[in-house]
Structure formats: C-alpha cells, structure tokens
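The chain contents come next:
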Amino acid sequence: MSTATLELKNVSKLYRVSKKEVHALNPISFDLLGDPARIITVAGESGSGKTTLASIMLGLLGPTTGQVLYEGKDVSTLSGSQYRDFRKNVQAVFQDPFAVFNPFYQVDHLLEVPIRKFNPGLSKVARRKAMEEALEAVGLQPSEILGRYPHQLSGGQRQRINVARAIVIKPKILVADEPVSMVDASLRANILEALVSLRENYKVNILYITHDLTTAYHVSDSIIVLYRGSVMEAGDITKVVESPQHPYTQLLINSIPWPDLERKWDNQQYANPDIQEISGSGCKFYSRCPNRQSGCQVTPQLVPLFPRHLASCLLHQPQANLDSNLTQNL
Amino acid sequence: MEHLLDITGLTVSYYTDIGRAIALNQVDLKLKQGEKLGLVGESGSGKSTMGLAMMRMIKPPGKVEGGSVVIGGVDMLQLSDKEMLKRRLSTISYIPQGAMNSLNPVLKIKRQMIDAYKAHYPNHKLDQILQLAHETMISVELPEHVLEMHPHELSGGMKQRVCIAIGILLRPQIIIADEPTSALDVVTQRQVIETLNRVQQKIGSALILIGHDMGLMAQSMDKVAVMYAGEIVEINDVQTVFTSPKHPYTQALISSLPRLQNRGEFRGIPGMAPSLYRLPSGCRFHPRCNQQQPHCQTTSPRKSIFEDEKYVTCHLYEAS
Amino acid sequence: MINYFKRNISLTIGLGLLIFLILFTVHGLLTIEFKQAYPLAVRPKQPPSLKYLFGTDFFGRDLYTAMVVGVWQTAIIGLLAGAAGTIIGIVLGFISAYFSGLVDAAIKFICQILTPIPAFLIQVVIASSIDKRDVTIITMAVVVFLLSWMAPTLVIRSQVLSMRERQFVAVAKLSGMNSLEIIFKEIFPNLLPFIAAAFVAQVFQAVFASFYLAVIGLGPLREPLLGNTIWAAQSQSAFFNGWWWWPVGPSLAMILILGSLALINMGLDEMANPRIRNKE
Amino acid sequence: MFVLKRLLFVLLVVWSASTITFFIPRISDINPIRERFAELARLGGFSAGELEKIVESYSKAFGLDKPLMQQYFDYIGGVMTLDFGVSLNKFPKTVLMLIAESIPWTIGLILVTTILSFVIGNLVGALAAWPLSPRWVRGISTSFILFQGVPPVLLAILLIFFVAFKLNILPIAGAYSIGTVPDFTFEFILDVLRHQVLPGIALIFGSLGTWVLSMRGMGITIQGEDYVVFAEHKGLSSYTIFKDYYLRNAMLPQVTALALALGNVITSAIVVETIFGLPGLGFVLITAIRSNDFLVIYGIVLFITIAVAVLMALVELLYPLLDPRVRQGQE
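The name that an unreviewed UniProt entry assigns to chain B is Dipeptide/oligopeptide/nickel ABC transporter ATP-binding protein, with the source organism given as SAR324 cluster bacterium.

Structure below.
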C-alpha cells in the first residue's frame, strides 16, 4: 500500500456551546490516496459535520481527537518547508463566490498571491501568463476578468475564478465545499465540468462536499453520507444512490426532487424532521427513523454489506468476508 | 373558460444611477382556479419581480409602467392603496423566500396570525380567530402549541410552514410562493412542498411557485413558465416542458439538468444572462441561442399561442 | 470622487468647516501677538469692536488672540490624545484579535470593566490630583487619553474578529500567506475606514473631555484654552455683569470644532457601512 | 446565575474605580490635607509650623498614617458600604450626607431630560427612516442631528445668552429666585420649574441628536428586514407595522445603547448644573474641586460610578423582557 497523501485517523470535533457539548464530527478515519485521482462526495444536511470535516482536512481547524497526516506526518507538527508543501497540495474551493474575494483588491490578487507564494521565482510576465492560462482553463476570457473588482463580475464568473485559483496551484487534493449551491442552475454545469476536468487533466483528488445528491451523483466516484457527525452510509456512488441501504440515505434519496417526470416522489410519509432530536448514545438517526427498534440505542458500526458499500444500521448484517475499512470502499 | 388570474402587458422597470433596468417586459400570464404554475428562471430573470408586482409591492426605485393584473375581474393595479391592503392575504397571498427571517422575532406566532387576521376583519371575535389559527396550524402539520412559541424556538422547516399557515389563513384565491425552500435541506424541502400542495388542494386556490429548481417543478407543478431576461419565453404544461421543450432556452435548460440517466454529462448554457440595463436587440436570447437566425438580432419575436393559453416567444414558431 | 462628496453631504460639510477652522487658526497664528492672549495685555472689559474683534475680558486679554491660541491648543490636545488613543486601540485590538484565547479575554475584560466607569469623572480625579500650577496642554492630553483607549480597542478588536472569520482570510491562508501577512495585507486595508472613523471619534472625545475639564476649572489655568475662557467668564459672572461676549465667542468656536468633527465622523460611518446609507 | 454574574460585574467595576481613585492621588504625591490647609495658611490662618502639626493630626484622624495596604483595604471597604469619609470643607458632614442633600436636584433633572430626549429622539429617528413619513419629519430629524456635535454645556451658555440675557424670559442661574424661601407652595414649585427649563432644554437637545441619528440608521436596516416586508404582504396597516414590527425591533439596540450612554448623561448633567449654579451633585463637585475637598470629589465620582454600574446591570437584567431571544438564552 502506498502512503496516503492525506490520512485522517480517528478525527473528531467537539464544540462547547455554553456548557453544552456538540459533537460536530464523530471519530472518522479515511485516506485520500494520491493515485488514481478520484472525486469523493461528502453528503449531508446542514449540521451534519461536512464543513467541519472540510476545515479539518484543510488544516484550518484542529481536530479534538485524532490526527490528520499529510504524507505520513501530522499536519499540526509540520516544519516550515513541509508545511508549505502541505499548503500547496491541499487546496479548497468555497461555497460563497463573493466572500472569498478581499473587497479591497482586484480579482488578480486572488490568483497572484498563491503564484507568488508557491512559485517565488516567477517574473511578473510569467505570473501574468500563469493567471491567464488558469482563467482560460475554466472557460473565462482573461481580458474580461483581470483588473476588475469582484463586485463587477457575476456569481458564475467569480466561482470559476475560484476554480482557476486551484488550477494555478495544481494541488494534489482539492476540497470543494458546496461549490455550486450559490450559483444559478444553468451555470452549475460549467463549474462542475471544470472540477471534473481538474481531475482528468491535472490528476487532482477532489473531496466534493454537498447537500445536493443529484450533482454528487454526476461528478463523483464514491460517497460518504454524514448525519449529525456520523457516517451513515458510504461506498460507490452509483450503488449508494441507486440502492441506498440506510434508512437515512433512503430518506435523502427519496426526497431528491429529480427533474424527471418518470421519477416522482412516492406517497410515503416520513418521520417529521422537526421532532426533537435526542442526543446521547445510540444511532444518531434513531428519533427520526421509520424502522427504529429497541436495539438501536447502541451505536451501530459501519459495516460492509456489498463490495464497496458500507452502512451503519442494525437492520443489516455485515458481510464478514468483505473489508470494512472506509478507505478501501471509497 | 373565465380565468382567475389574467396578467397582460405587465411592465416593471427599476431606475438607478446606472439607468433604467427593464425587469419585466410586456408579460402575459393567465391562470385558472386550482392550477399550479411553476415560474422558473435564473437570478435576475424577473421571476421575483413578477410575484411582487402581483402583490403590488414594487417599491421605488422600481415602478410598474404598464399592464394589468386582473384577479376575478378586478384589476389590482387600479385599486386604491386601502383596497389593495385588504386584498393582500385575502385574495392573493405571498409566502416569502426568507422564512428564516420573515417572522417578527419579538412576537409570538399566535400574535402574528391574529395581526394578519385583524387587519382584514377587525370586528371578529378573538376566540373565533384563534379557532381558525388552530385549524390552519393543523392543516400545515404543525402542533398547536407552536402558536404560543416565538420564531427563534422553531426550526427552519417549521418557520417556513408557519409562513405558509399565515399565507393561507384567509383562504386566498391565489398563493404565490417565492422560493419557499431555498434555505432548507432536501428532506425538509420535500415536506414543505408537499404541505404546500396539500393546502393548495384543500382550499382550491391557484398556486404560483417561483424558483430555479426544475426538479421541484417536475415533482409538483401542472404548468411551467420559463422566464429569461424579464420575459416569459415559454409557458407550457409540465409534460411538454420536460419532454419536448419548444424555446431554445428551455431546451438548453432542460438538457443541462442532472438526471439519473445522463450521469457524467455536463451541458451548461454557454454565455451569460444579459444585464437588464443593456439588453440585446431583437430577441433577448439570441446571443446565446444555438438556433439563431439572421432576423433574431433585429426583430423581437412575437408570441405563438397554443391552446389553453400556452405560448412560446420565438421566431422559430412564428410561421405555424 | 466629486460625486461621492455630493452624496456624502455630512462629510463634505464637516471637512469644509474643518478647513475653515484651519485657515482661521493658521492665519491668526501668523498675525497675532501671542502675549495679548495673556492677562494685562490690553484694556479690560471692552465689547467687540474693530480694534478688538471679539472684545477683551476682565483680566485684560484680547479675546480674538485668545481664541486663535485656544483653537490651536485644542487642536494639539485633540490630535495628541486622539492619535495616542487610536494607536493603542489598533495595537491592543489587533493583539487581542490575533492571539485570541487568554490574551484576548484579558484585554476584553479590562475594557469591559473600565467602560462603565464615567471617564470624565476619573479624569476629574486625575486632573484634580495634579498640582494645578503644573498643568500644561500636554498633561491635559495625557489625562484625557488615559481613559479613552477602550472604545477604539473594542471597536477594532470586534472588526478584526469579524474580518478574520471572512472567507477571504481562509483563502489567503490557503494561498500560503502567514499570519502577519494576513493581518497587514488582507485585514488591515479593509479596516482603514473604521480606523479613520475611530480616529475622528477619538479626537472628538478628547476635545470634548478636555473642554469639560477646563469648563469646570481643571484646565491649565494660565492658558487661553476655550474651556478655560468660559470657566473664567463663569467665575466672574460675565452674564450678570453684562460682558456677554466673553463666554459666547469661545462657545461658538467650540461648537464649530465639535460640529465639524461630528459631521466628519457621520460621513465616515456612512463610508464604512454603506448599508446604512440613506435612500432619500 | 445570570443575576449573580451581573452583580459580580458591578462589584468589579466599582472595585476598579475605587482602586483608581485610591492610587492616583498617591502616585502624584499630593497630600490632600496639606493641600487644603496650605491654602488656608496662604489666606493667613496659621503659621507653617502649625500647619505641619495640623496636617499630622488630621492625617491620623483620617488614617493616613497607617500602612498603604491597610489604608487601601479600609478605603475599598468604605466604598462598598457607601462610606466615602468626611468632608474637609464642611466638617463634620460626611460625603454621603452632602450627596444625599444635593442628589434630588440631579436625579430630577436627569430623569426628566433623559426620558424626554430618549423618547423624542427615537421616535423622530424612527419616523425619519420610515418611507411613508412626510418630508418635514426628515427635515426635523436632520436639524436635530446637527445638534449632535454640540455639548449640552455650550447649548446652556447660548441659551443663557439668548433666552435669559437678551430676551430675559427665564432666569440666568440658580435653582430658585434669590430671596424666596424653599417651601411646598405652588409659587415656589413654579419658580423652581422655571429655573429648570433652560438646563432641561440644554440637556435634552444636547443628547437628542445622538438618538435620532442611531435610530435612523437602525430604522433603515430594520425596514429592509424580511419580517417587515412580510408584514406588508400580510396586508397589515402601516400603523401596526410601524409600531409592532418596525419600532419594537429597532428599539432593542437603543435600550442597550441607553445603558451605555448613562455615564455621559450624568457627566453632561452635572457640568450643566455647574453652569446654571443648580445645587445638585455638579455644584457640590465643583465646590469641592475649588476648595481641594478631595474626599468629596472621590466620593461623588465613586457614587456616580456605582449608580451607573447598577443601572447598567438593571437594564441588562430587564432586557430579556423586551427580547424573547435573550430570554431563552438565559434559561
């Protein structure tokens, strides 16, 4: 087994909000391998811990327990040059296409800083050239973009500049946190396409964080479904989306408004999401689960059900001959 | 058949430092009682302006510059301000986009419902109003004790359903729901949309769902009106829009949708929506159209009307 | 630029007044005889006339000369105390927001404890504890500054904190900037309008506070500071004795100074929070 | 729990204020007693040798010969029990007695002017931001805002000049006309009220502008809030929207601002009192300053600090009644 580029070992995050403990993320372990480049979706509702996971992977947030290892070394103890290497290779595209721009500067600033930092030797002309190439790679006309201020551009343009920033750096791993949720539907395809081409052309591993399973289904190879900080189901994207095993995933997938007259919502009524959720031990989905049983007060393990398909639900018997390691199933 | 809602030639502009932005240009729309219409378009296409204009809630620097909004034979745009105040909520009601912040944080839900009721029927008895409030809460599937709560004690989905409850309190003939689920999770979204459909069916009103999510339209609407740069370019029943769209913009929109069948295909619409301050000549869509013809640049297309008030605004269909 | 001034009327008028005051003072300083601002220089108790533009007082001071010197001294106090307060505010605000944790908690706590104490009263204690014969313009500035650094500290701290949560800061970190670069290149430029507003507010507070101290007789008694002149007039019962010009002149000058600062402050507020821009 | 926290905060504020007032004079090595008697000596009461003796005996009486820390703890203990010591000037009156005699005047003035300026200022500010208000309301609000930079003291001087001196309608100074005897007769009360008009106007207009300005800014923000817009969609009358949806929410931050402004309000009031020669706290303070009566100065300063801190805590304790969101946060 080759060294993982980024390895999460029992990473969890606990917030203390006025004496109450909130488990934003329960211990999770998986690796992002360098090769072959893949797109992995982390899906969940707000409060599922998906953004916390992203921040921890990016090194913007320290985990409460566990370690994040970059090329085998703990990210929190990296030395100067190692840290720079980590910084260069683990990058992000964020949700809000406006907030990532410093309003004080022209949009060039966003592209120029990383070039200057990670390629300090480049001349001004060479920097300019790199910026232009990156913009063209995401389908933008450099002359229409450079020298402008962020408020002079449209949301779709701004979000593509964000993807261009990632191209300029050529990272090994890109965390894309809801990159299309604030962009008009007709422009989403362009941005998703740019992401997919990053994987194809630059061999970038992408962690695609989203609440939207339709786009996840389209761009990614595998999926991790989070609910209130815990993994409910994970595995190959087509398997999970086409035959979900966990009641929560089933609920999610059944709630997708497919733009398709053949796939209408069924008439099934689901447990009300407004009901008070009980915190504490046991399955996180217990209070909302239509199939809950008395045994569900015990926290279920994430177990393999089929090749490249895991779920954590007592309804299902694990397949003993299959690997239960999350990484191997992604 | 007589139409419940008959909008003709509705034109709205915004006047700012940069100039005049034509947010709605000569829009026509007819709707029958009990019909469910989805109004879709990207941001800036005028779909929200449409909803506000129907409520007569366009504020400066916006201005309604022409047309009529006739509901049950009465033109809303001709009413006095006072009469219009009475029609809001009782004839035509509006469920807002930002349910998170649409409820007054310092008043109990009960009080906010009573306020709405009393504004229209100041003489009704309080227990009568409360009775109705209770019934309405049940019809949006909220427990009655929510009436005694403050907005911050409710989840996003509950707040949205409180807004729906207020919206249907006076059994309006038309409900406009402006992106009612844009901030909600998919599961909650589904429940809110289903609730909306149920109450709409129960009180028999017409429903206009404003949004950009074609999925929601496919799931719950009868008709779809597609807006582009301040105009309705196509209005058709949901079947036709999804299976054989007419307007090139609708076609591009439909083929850009991610479905189960077309996994991994990305077909964005090339180009950008025009600025409302500088609209292209001729057909507003021509710079992005893949079936562009020479006269598209110079002449605006006329409506080609099909049966049952459906139409498409495109030169391709003018001959027939 | 000109268009902006047309829209931001309070900034325009405030700056206009300020420029007028500066011209008045500079012209005055170049033409007056300084010693006429001190007692026994001219005939006492003269009403305004061509010779004595603003009249003379009971002690034989030319009130025009006194006003020029007074405005000049007020400006020194305001600028010194204002600059000191703002700089301390910037430094502490950034330290607090940057180090967060214990340092931040301590700075914030101290500011919060000190804020409810009426600064003016503590300034009274300080000023009255100094030997009155030693009080100078500089000591006034120091006294005023000692209790006025909390407000800018809290303002800048909260601005840095909210700025730090902004996504462009996270992006800058991802782009390889270190913490110092982030503070100076990403956060600081965006704080300039707030810092300018804090500085003007600080100057306003300093002028205000030193004026109040002088009015109740705690100023540098020998100097013709505007507040001192009013205090002197009050203690000689100027109105009872019919010498109305004595307190009125310095009062109007003070109104112009504080008014221009308040207007500039309003204008800067509008610049920093365009959301509040009036739609009139 | 919350109440306890606020109480602790008040104690900390008072403690730090008394620590400051205790140490500042000692750093500057002024002996207040020597200062006081040196002045008397200058006026020709006794010789320099006698002065030292008197200073020594007084120092003993005031406990100034004890070790510094001992003095400090005595002092803090005194402040916490509102025992600020004795006036040097009006011996044997205690500082607290002096405060008690003068404070009704100050409280009356502050209460009336603060309520009036807060209510009028916020109403005018709210109306100025309200799109349906007539134009003249905006005009009034702008003119009030222009007063914002003018300290009440300067207004007081100008009012004395124009109204009392030039027009001679109202008295120039004093709490009641010279020669009248304080009594609860109608004439006397009327006379007192006449004397309070100008200080009152000075204080009201001096603080009105701040309320107008901040409320106008708040109002512009609130009227764009979704709940105000939704209230319009509900067909509510503009009166109901203004009162219950707009004003109620816009007022919340203003109440907090009022708590923070208390210190300035009191400062302005006592300085204005000195200009008009009203027998309130300000007058006692300025007399003490003139006669180097240090314990009185510190006593008044600490008393006001305690009052401000307690009032601020009260406002914060009452605030949850206005805002249900905070109410829940505390439970």
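Structure shown, so let's carry the discussion forward.
*Asks:* Looking at this structure, I do not really get the sheet that holds strand β2 (residues 19-31) of chain B. What am I missing?
*Replies:* One key point about sheets: their strands pair by backbone hydrogen bonds, in either a parallel or an antiparallel sense. Residues and elements named next belong to chain B. Strand order in the open sheet formed by four strands is β2-β1-β4-β5, and the pairing between neighbours is antiparallel. Unpaired on one side and paired on the other, β2 and β5 (74-75) mark the two borders of the sheet. The pairing of strand β1 (residues 5-16) with strand β4 (residues 62-71) spans eight bridges and is classified as antiparallel. When the bridges of β4 are listed, Thr8 appears paired with Ser68. Set on the sheet, helix α1 (residues 47-55) makes contact with β1, β2 and β4; between it and β1 the angle comes to about 110 degrees.

*Asks:* Would you mind showing me how to read the nonpolar core here?
*Replies:* For soluble globular proteins, nonpolar side chains are generally found buried alongside one another. Core analysis: the biggest nonpolar cluster contains 126 residues, and Val153(D) and Ile297(D) have the highest contact counts within it. With 15 residues, the top contributor of residues to this core is helix α12 (residues 294-322) of chain D. Non-local contacts of Ile297(D), meaning those with residues more than four positions away in its chain, are made with Val124(C), Ser128(C), Leu285(D), Ala288(D) and Ile289(D). The next biggest cluster of nonpolar side chains, apart from the first, holds 100 residues, and it includes Leu32(A), Phe118(A), Ile161(A) and Val225(A).

*Asks:* What is the right way to look at the interface of chain D and chain B in this model?
*Replies:* Put simply, an interface is often sized by how much accessible area is lost when its parts join up. On the chain B side, the residues contacting the 21 residues of chain D number 28 residues. Interface of chain D and chain B: buried area, both sides summed, is about 2,200 Å²; carbon and sulfur atoms make up 60% of it. By the criterion of area lost to chain B, the three top residues of chain D are Phe230(D), His233(D) and Lys234(D), representing 32% of everything that side buries. For the pair chain D and chain B, the interface holds two salt bridges. Residue Asp244(D) is joined to Arg111(B) by a salt bridge in which the shortest nitrogen-to-oxygen separation is 2.6 Å. Summed over the shared surface of chain D and chain B, the result is seven residue pairs in polar contact (both at pLDDT 80 or more). Every element with two or more residues in the side of chain D that touches chain B is listed here: α9 (226-233), α10 (238-276) and α13 (324-330) of chain D. Grouping the constituent residues of the side of chain D that touches chain B by class yields eight nonpolar, six polar and seven charged.

*Asks:* Is there a simple way to think about the environment of His23(A) in this case?
*Replies:* All names here are of chain A. Positionally, His23 belongs in strand β2 (residues 20-32). Relative accessible area serves as the criterion here: at 40%, His23 is assigned to the partly exposed category. Taking the C-alpha atoms as reference points, His23 and Gly229, 206 residues apart in sequence, are found 6.6 Å from one another. Non-local contacts of His23, meaning those with residues more than four positions away in its chain, are made with Lys13, Leu14 and Arg228.

*Asks:* What is the right way to read the pattern of salt bridges from this model?
*Replies:* Opposite charge on two side chains permits them to pair, given that their charged atoms come into close proximity. All names here are of chain B. Scanning the entire structure with this criterion turns up 39 salt bridges over all chains. Taking the shortest distance from any N to any O, the salt bridge between Lys303 and Asp28 comes out at 3.0 Å. Taken together, the residues Lys303 in strand β11 (residues 303-305) and Asp28 in strand β2 connect sequence positions 275 residues apart. Among the ionic pairs, Arg284 bridges to Glu231, the shortest N-O distance being 3.6 Å. Here Arg284, found in the loop between α9 (248-255) and β11, pairs with Glu231, found in strand β10 (residues 231-237); they are 53 residues apart in sequence, far enough to count as distant. For Arg284, a relative accessible area of 8% translates into the label buried.

The rules we used
Residues numbered from 1 in each chain as written. Chains lettered and ligands numbered in written order. Predicted model: local features only at pLDDT ≥ 70, side-chain atom pairs only at ≥ 80, totals over all residues. Heavy atoms only, no water. Pairing = 2+ DSSP bridges. Helix = DSSP H or I, 4+ residues; strand = E, 2+ residues; numbered from the N terminus. Contact = heavy atoms within 4.5 Å. Axes fitted to C-alpha atoms, helices over the stretch in contact; angles between N-to-C directions. Core = buried A, V, L, I, M, F, W, Y, C linked by side-chain atoms within 4.5 Å. Buried < 20%, exposed > 50% of the residue type's maximum accessible area, 1.4 Å probe, protein only. Buried area = accessible area lost by both parts, 1.4 Å probe. Salt bridge = Lys/Arg side-chain N within 4 Å of Asp/Glu carboxyl O. Polar contact = N/O pair within 3.5 Å; in protein donor to acceptor, adjacent residues only side chain to side chain. Nonpolar A, V, L, I, M, F, W, Y, C, P; charged D, E, K, R; others polar.

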